[in-house]
Amino acid sequence: NHSNYPTKMCQNGKSTEIDQEKTAHRHSASHKSQVTTMAKRAATLLLILWLFCSPPTVLCFAPTNEGWRINRRKFYKAGRSMALGDFTVELIKPLGIVLQERDAGDVGVQVASLAEGGAAEKSRDISPGDLLLKIGDKDVSKSDFDSVMDILLEAPADTALQLTLSDGLGRMDIAPNLARQLTPEDAILADQVVRAAVREIRRSKTSRANLGELLRVEIVIGAGVRENGRCMVRFFAIFSTDTVTTFSCSISATGVTQKDGTIDIIALSCAKDEGWGQTIDIIREVTD
C-alpha cells in the first residue's frame, strides 16, 4: 500500500504522486537482496549439516548417495556409488591386511590390523577400523568373513586388486554455533582434516596402546582456517580398550593441504575427557 507516500508540486500548482512504481521497485530490490543473503546463509548451513551431521538430522536436505572420498589419499567429489568417508585403493597380493567380522549386530568385515611392512601399511591409505565394502566390482559390505576370504583367495596374485573401503564415520555431528560460522569451503576442509586425524590415530601404535580403538567421532566442536591454509579442528571421539566399556577423548589436530590435494596432519594430540590429566601427543608439530 503506497497511498501514504509524500507528493511533490508541479509548477502549475497541481500535485502529482511520487513515482510509486520506481519506489516500489527499490523496495522490491532491497527485499530480494535480503532474501538472497538469507538463502546463501541457509545453503551454507545445509552444506555443513550434510558434511557433519548424522543422516536422520539431514535426511530431508542431503542426497544420501553422493559425498567426498579419497582416491589414493586425494579428496574429490564422488560418484553415486560412493559416500562420505568411502575411498578406493589398489594393492597387489599379499595385501598385508588382517580382517575380522564386525561387532555383533553389524554385518560385513573390517580391518583389524595391518601387517608391518605390508602393502596396505605402505600405501598409507588403509587403517584399522576401516570397513571393507567392495572387492573389485563385488559388493561385500554385507558378506560374512568366510565369503570375503574366498573372494580374496581367488583373486590373482600378479594383478592389482581394487578395494573399496569406508572409514565408518559417516556424517559427523557439529556444534550448532560452529556450523553457523564456517563457510562451505572451510566446512569441507574441516571434514577432511577430522577424517585424516582419525586415520592417523587408528594407525598410531602409541594411541592404540594408551587409548585403545577409536570407535567413532562424537561431535566436532571447533574448526578454523588460517591465512596460511592450516586448518585446526577440535572434536570428541569415543574410544574403547575392550569393545565393552567406552570413554570420550578430546582431540586437537592441525592439517595442511598439499599440492597434490592430500591432507597431512602436522599436529595431533588426545586428552581423555574424564579428569585424566594427561595429554598424548600423537604427532608433534616441528617448529623452526
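**Structural notes on the sheet that holds strand E11 (residues 213-225)**
What holds strands together in a sheet is hydrogen bonding between their backbones, with the strands either parallel or antiparallel.
Here comes step 1: One open sheet holds the five strands; their spatial order is E11-E12-E13-E14-E15, and the pairing between them is antiparallel. If you trace the sheet from one side to the other, it starts and ends with E11 and strand E15 (279-283), each paired once. Within the sheet, the average angular offset between the axes of one strand and its neighbour, ignoring direction, is 20 degrees.

**Observations regarding the packing of aromatic side chains**
Here comes step 1: Across all of its chains, the model carries one aromatic pair by this definition.
Here comes step 2: An angle of 15 degrees between the planes, with centres 6.1 Å apart, marks the rings of Phe239 and Phe247 as stacked. For the residue pair Phe239 and Phe247, the accessibility class agrees, reading buried in each case.
Here comes step 3: Here Arg199 stacks its cationic end above the ring of Phe87, 4.4 Å away from the centre of that ring.

**Focus on a negative patch on the surface**
Here comes step 1: A surface patch of like charges, here negative, comprises Glu101, Asp144, Asp146, Asp150 and Glu154.
Here comes step 2: A per-element tally of the negative patch places helix H4 (residues 145-154) first, with three residues.
Here comes step 3: Summarising the element assignment, Asp144 is placed in the loop between strand E9 (138-139) and H4.
Here comes step 4: Of the residues examined, Asp144 reaches a relative accessible area of 40% and is grouped as partly exposed.

**Notes on the confidence of the model for the protein**
Here comes step 1: Looking at the protein, pLDDT values average 78 and 69% of them are 70 or higher.
Here comes step 2: Taken as a whole, residues 1-18 scores under 50 in pLDDT and shows 15 contacts with residues more than four places along the chain or in a different chain.
Here comes step 3: In the predicted structure, residues 54-81 sits below a pLDDT of 50 and forms 74 contacts with residues beyond four places in sequence or in another chain.

**Topic: the pairing of strand E7 (residues 109-114)**
Here comes step 1: Burial analysis of E7 places five of its six residues in the buried class, the great majority of the element.
Here comes step 2: Two elements, strand E6 (residues 97-101) and E7, share five bridges in a ladder whose sense is antiparallel. In the strand pairing of E7, Glu101 is matched with Val109.

**Some words on unusual backbone geometry**
In terms of backbone geometry, most residues other than glycine have negative phi values and most peptide bonds are trans.
Here comes step 1: The amide bond that connects Lys93 to the next residue, Pro94, takes the cis arrangement and shows omega of 0 degrees.
Here comes step 2: For Pro94, the location among the structural elements is in the loop between strand E5 (86-91) and E6.
Here comes step 3: Of note, the phi angle at Arg124 is positive, near 65 degrees, even though the residue is not glycine.
Here comes step 4: Among the secondary structure elements, Arg124 is positioned in the loop between helix H3 (119-123) and strand E8 (131-135).
Here comes step 5: For Thr243, which is not a glycine, the phi torsion comes out positive at approximately 65 degrees.
Here comes step 6: On the secondary structure map, Thr243 appears in the loop between strand E12 (231-240) and strand E13 (247-257).
Here comes step 7: On the accessibility criterion, Thr243 (56% relative accessible area) is exposed.

**Overview of helix H6 (residues 184-203)**
Here comes step 1: Along its 20 residues, H6 runs 29 Å from first to last C-alpha, staying within 8% of the 28 Å computed at 1.5 Å per residue.
Here comes step 2: Counting buried positions over the 20 residues of H6 gives 17, a clear majority of the element.

**Remarks on the nonpolar core**
Here comes step 1: If you look at the biggest cluster of nonpolar residues, it comprises 35 residues, and the most contacted ones within it are Val217, Val220, Val233, Phe235, Phe239, Ile251 and Leu268.
Here comes step 2: Among the elements that take part in this core, H6 stands out by supplying nine residues, more than any other.

**Description of the environment of Ile126**
Here comes step 1: Relative to the elements of secondary structure, Ile126 occurs in the loop between H3 and E8.
Here comes step 2: Counting along the chain gives 37 residues from Ile126 to Leu163, while the straight-line C-alpha distance between them is 10.0 Å.
Here comes step 3: Beyond its immediate stretch of four places on either side in the chain, Ile126 contacts Phe87, Val89, Leu91, Ile97, Val111, Leu114, Ala120, Leu165, Arg199 and Arg203.

**Section: the pattern of salt bridges**
Here comes step 1: Applying the stated criterion across every chain, the model contains nine salt bridges.
Here comes step 2: Measuring nitrogen to oxygen at the nearest pair gives 4.0 Å for the salt bridge that ties Glu116 to Lys205. A residue pair is termed long-range when its members are at least 10 positions apart, and Glu116 in the loop between E7 and H3 and Lys205 in helix H7 (residues 205-211) qualify at 89 residues. Take Glu116 and Lys205: they sit in the same class, and that class is exposed.
Here comes step 3: Note that Arg195 and Asp191 form a salt bridge whose closest N and O atoms lie 3.0 Å from each other. Residue Arg195 and its partner Asp191 are both found in helix H6; the two are separated by four residues, about one turn of the helix.
Here comes step 4: Taking relative accessible area as the criterion, Arg195 reaches 3% and is therefore assigned buried.
Here comes step 5: A residue is classified by how much of its surface remains accessible, and Asp191, at 3% relative accessible area, is buried.
Here comes step 6: Through salt bridges that share partners, Arg124, Glu200 and Arg203 make up one connected network.

Rules used in this analysis
- Residues numbered from 1 in each chain as written.
- Predicted model: local features only at pLDDT ≥ 70, side-chain atom pairs only at ≥ 80, totals over all residues.
- Heavy atoms only, no water.
- Pairing = 2+ DSSP bridges.
- Helix = DSSP H or I, 4+ residues; strand = E, 2+ residues; numbered from the N terminus.
- Axes fitted to C-alpha atoms, helices over the stretch in contact; angles between N-to-C directions.
- Phe/Tyr/Trp six-rings, centres within 6.5 Å; stacked < 30°, edge-to-face > 60°.
- Buried < 20%, exposed > 50% of the residue type's maximum accessible area, 1.4 Å probe, protein only.
- Lys NZ or Arg CZ within 6 Å of the ring centre and 35° of its normal.
- Patch = residues over 30% accessible without salt bridge, like charges linked within 9 Å, V, L, I, M, F, W, Y side chains within 5 Å.
- Areas by Shrake-Rupley, 256 points an atom, 1.4 Å probe, with all protein chains shown as cover.
- Salt bridge = Lys/Arg side-chain N within 4 Å of Asp/Glu carboxyl O.
- Lys, Arg positive; Asp, Glu negative; His and termini not counted.
- Charge placed at Lys NZ, Arg CZ, Asp CG, Glu CD.
- pLDDT = per-residue confidence, 0-100.
- Contact = heavy atoms within 4.5 Å.
- Expected span 1.5 Å × (residues − 1).
- Core = buried A, V, L, I, M, F, W, Y, C linked by side-chain atoms within 4.5 Å.

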